[in-house]
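One-letter residues, chain by chain:
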Amino acid sequence: MSRDEFSFDPSKYVPFRDTKELKRVRAISRGEIDKHSNPNFHIQVVGDDLLEHIFVTDMFYRIWRAREEDRKAVLLLPNPNFGYIKLAHLINTFQLPCDHLHTFNLDEYADQDGNVAPESFPQGFLRATKNYLFKKIDPSLRPPEEQIVGFTNENLLDYGNMITDLGGADASYTGPGWTGHLGFIEPDAPEFEGDLETWKRMGPRIVTLSPLTIAQNSLHGSFGACGDLALVPPKAATIGPAQIIESKYRMDMHGLSVGGTVISWQRFVTRLCLHGPVTPLVPTSILQEVGADVFVAESAARDIEPIWDLAY
């Protein structure tokens, strides 16, 4: 290596480490990000303020449509957000009965021994889903409590079958984590080791969270947005690739930024998930193969380049 050259391998903590592929996807421009060879994998760049609107209206439409067709609506729900409050408002405004609605959370935290966090855990996902969504729906319109399902120690082994027995999910809503995880399907978790075909058949289980996921979640508001790594549980319960593949419709959303700033850790992993190899090392990449509607916010789609006047 000459004095002017400097090259290195990615850190051992980076799950996908093919430097040639990393360089290729890093260079994908804003104008190229919505192009893909699979006609069933639709990528659309939208304004940051539209992403939540698309998510909320799609959920409302599927609940309403199922009601009109006198059938169940089965949805796999991602981490809670303020969009759930807006969904509850639509349901209340249009007085849409939801006794046909069945929801399953994609994941839930667990302790070091694999015990799933109870609903009393302040940062728990089922707790937040109920607080943001179901408790804000008029009691006369809410689905029965037993149809609002999150992971527990008791249902972990049957979680996948519970979804399949309902005919599979009508829709799953996802968005990649810093590692490219899908739900909490982590690329570097020993519980999800296997070749691609084996991995695609894997169902719910307890998973060891990646150090990068713990760092990401320590910046969430529920954990004080303060980087307290020790406050984030070390493991989680999660659906498997099989439940996402089984879903009749898949929506994937890319638009997370840090506190509403131009800083977006998703900007790179979006490119890796949407245009890199399909591999368990980038779990969300499976959507390239099975098809999905993908909505990428402008903040995530913008070109990757140094922003020297932001901060070193």
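Source: prediction; values computed, not measured.

> Requested: an account of the overall build of the protein chain, with residues and values cited.
Counting its secondary structure elements, the protein chain contains eleven helices and ten strands. Taken over C-alpha atoms, the radius of gyration comes to 19 Å for the protein chain, in line with the 20 Å a tight globule of 312 residues would show. Each principal axis of the C-alpha distribution contributes one length, and for the protein chain these read about 70 × 40 × 40 Å. Residue burial in the protein chain is summarised as follows: out of 312 residues, 50% are buried. When contacts within the protein chain are restricted to residue pairs at least 6 apart in sequence, long-range pairs at least 24 apart make up 76% of them. Of the charged side chains in the protein chain, 29 are positive and 42 negative; the average position of the first set lies 2 Å away from that of the second.

> Tell me what's going on with the sheet that holds strand β6 (residues 171-174), and back it up with residues and numbers.
Taken together, the seven strands give an open sheet; going across it, the order is β1-β10-β9-β6-β2-β3-β5, and neighbouring strands pair in parallel fashion. On the outer flanks of this sheet lie β1 (41-46) and β5 (148-149), each paired with one strand and no other. Across two bridges, strand β2 (residues 73-77) lies against β6 in parallel orientation. Across the sheet, the residue bridging to leucine 75 is alanine 171, located in β6. Strand contacts of helix α2 (residues 48-68): β1, β2, β3 (101-105), β6, β9 (250-254) and β10 (292-297), with the helix running at about 160 degrees to β9, the strand carrying the most contacts.

> I'd like a description of the environment of phenylalanine 60, backed by residues and values.
By the secondary structure assignment, phenylalanine 60 is in helix α2. Taking the C-alpha atoms as reference, phenylalanine 60 lies 9.3 Å from leucine 96; in sequence the two are 36 residues apart. When residues no more than four places from it in sequence are discounted, the contact partners of phenylalanine 60 are Leu87, Leu90, Ile91, Phe94 and Leu96.

> Tell me about unusual backbone geometry, residues and numbers included.
For residues other than glycine, phi is negative in most cases, and the peptide bonds are mostly trans. Within the chain, glutamine 95 stands out as a residue other than glycine whose phi angle is a positive 50 degrees. Accessibility expressed as a relative area gives 43% for glutamine 95, which makes it partly exposed. Positioned with a positive phi, alanine 225 is a non-glycine residue whose angle comes to about 50 degrees. Tracing the sequence through the fold places alanine 225 in the loop between α7 (211-217) and β8 (235-238). We classify alanine 225 as partly exposed; its relative accessible area is 48%.

> Kindly report on a nonpolar patch on the surface, identifying the contributing residues and their values.
On the surface, a nonpolar cluster with roughly 240 Å² of combined accessible area is contributed by Val258, Ile263 and Leu310. Along the chain, the position of valine 258 falls in the loop between β9 and α9 (266-275). A residue is classified by how much of its surface remains accessible, and valine 258, at 36% relative accessible area, is partly exposed.

> Tell me what's going on with α2, and back it up with residues and numbers.
Helix length check: α2, at 21 residues, gives a terminal C-alpha distance of 31 Å against a target of 30 Å (1.5 Å per residue), a fit within 8%. When we look at burial in α2, the residues that qualify are Leu51, Ile54, Phe55, Val56, Asp58, Met59, Phe60, Ile63 and Ala66. Remark: aspartate 70 follows α2 within two positions and exhibits a positive phi of approximately 55 degrees.

> Explain the pairing of β9 to me, using residue names and the numbers behind them.
Of all the five residues making up β9, five are buried; the element is thus mostly covered by neighbouring parts of the structure. The two faces of β9 match: Arg250, Asp252 and His254 on one face and Met251 and Met253 on the other face are all buried. Bridge count for β6 against β9 is three bridges, and the pairing is parallel. Paired with serine 172 across the strands is arginine 250, a residue of β9. Two elements, β9 and β10, share four bridges in a ladder whose sense is parallel. Within β10, the position partnered with histidine 254 by the bridge is valine 296.

> Tell me about the sheet that holds β8, residues and numbers included.
Here we have three strands laid out as an open sheet, ordered β4-β8-β7, and antiparallel in their pairing. What marks the edges here is a single partner per strand, and that holds for β4 (107-110) and β7 (205-208). Between one strand axis and the next, the sheet turns by 30 degrees as a mean value, whatever way the strands run. By the bridge criterion, four bridges tie β7 to β8 in an arrangement that is antiparallel. Paired with valine 207 across the bridge in β8 is alanine 236.

> Break down the side chain of glutamate 21 for me, citing the residues and quoting the values.
Mapped onto the elements, glutamate 21 comes out in helix α1 (residues 19-26). Residue glutamate 21 is classed as buried on the basis of its relative accessible area, which comes to 19%. Setting aside residues up to four positions removed in sequence, glutamate 21 forms contacts with Phe16, Gly276 and Pro277.

The rules behind these values
Residues numbered from 1 in each chain as written. Predicted model: local features only at pLDDT ≥ 70, side-chain atom pairs only at ≥ 80, totals over all residues. Heavy atoms only, no water. Helix = DSSP H or I, 4+ residues; strand = E, 2+ residues; numbered from the N terminus. Rg over C-alpha atoms; globule rule 2.2 N^0.38 Å. Buried < 20%, exposed > 50% of the residue type's maximum accessible area, 1.4 Å probe, protein only. Contact = heavy atoms within 4.5 Å. Lys, Arg positive; Asp, Glu negative; His and termini not counted. Charge placed at Lys NZ, Arg CZ, Asp CG, Glu CD. Pairing = 2+ DSSP bridges. Axes fitted to C-alpha atoms, helices over the stretch in contact; angles between N-to-C directions. Patch = residues over 30% accessible without salt bridge, like charges linked within 9 Å, V, L, I, M, F, W, Y side chains within 5 Å. Areas by Shrake-Rupley, 256 points an atom, 1.4 Å probe, with all protein chains shown as cover. Salt bridge = Lys/Arg side-chain N within 4 Å of Asp/Glu carboxyl O. Expected span 1.5 Å × (residues − 1).

Interpretation in functional terms is not warranted from these geometric data alone.
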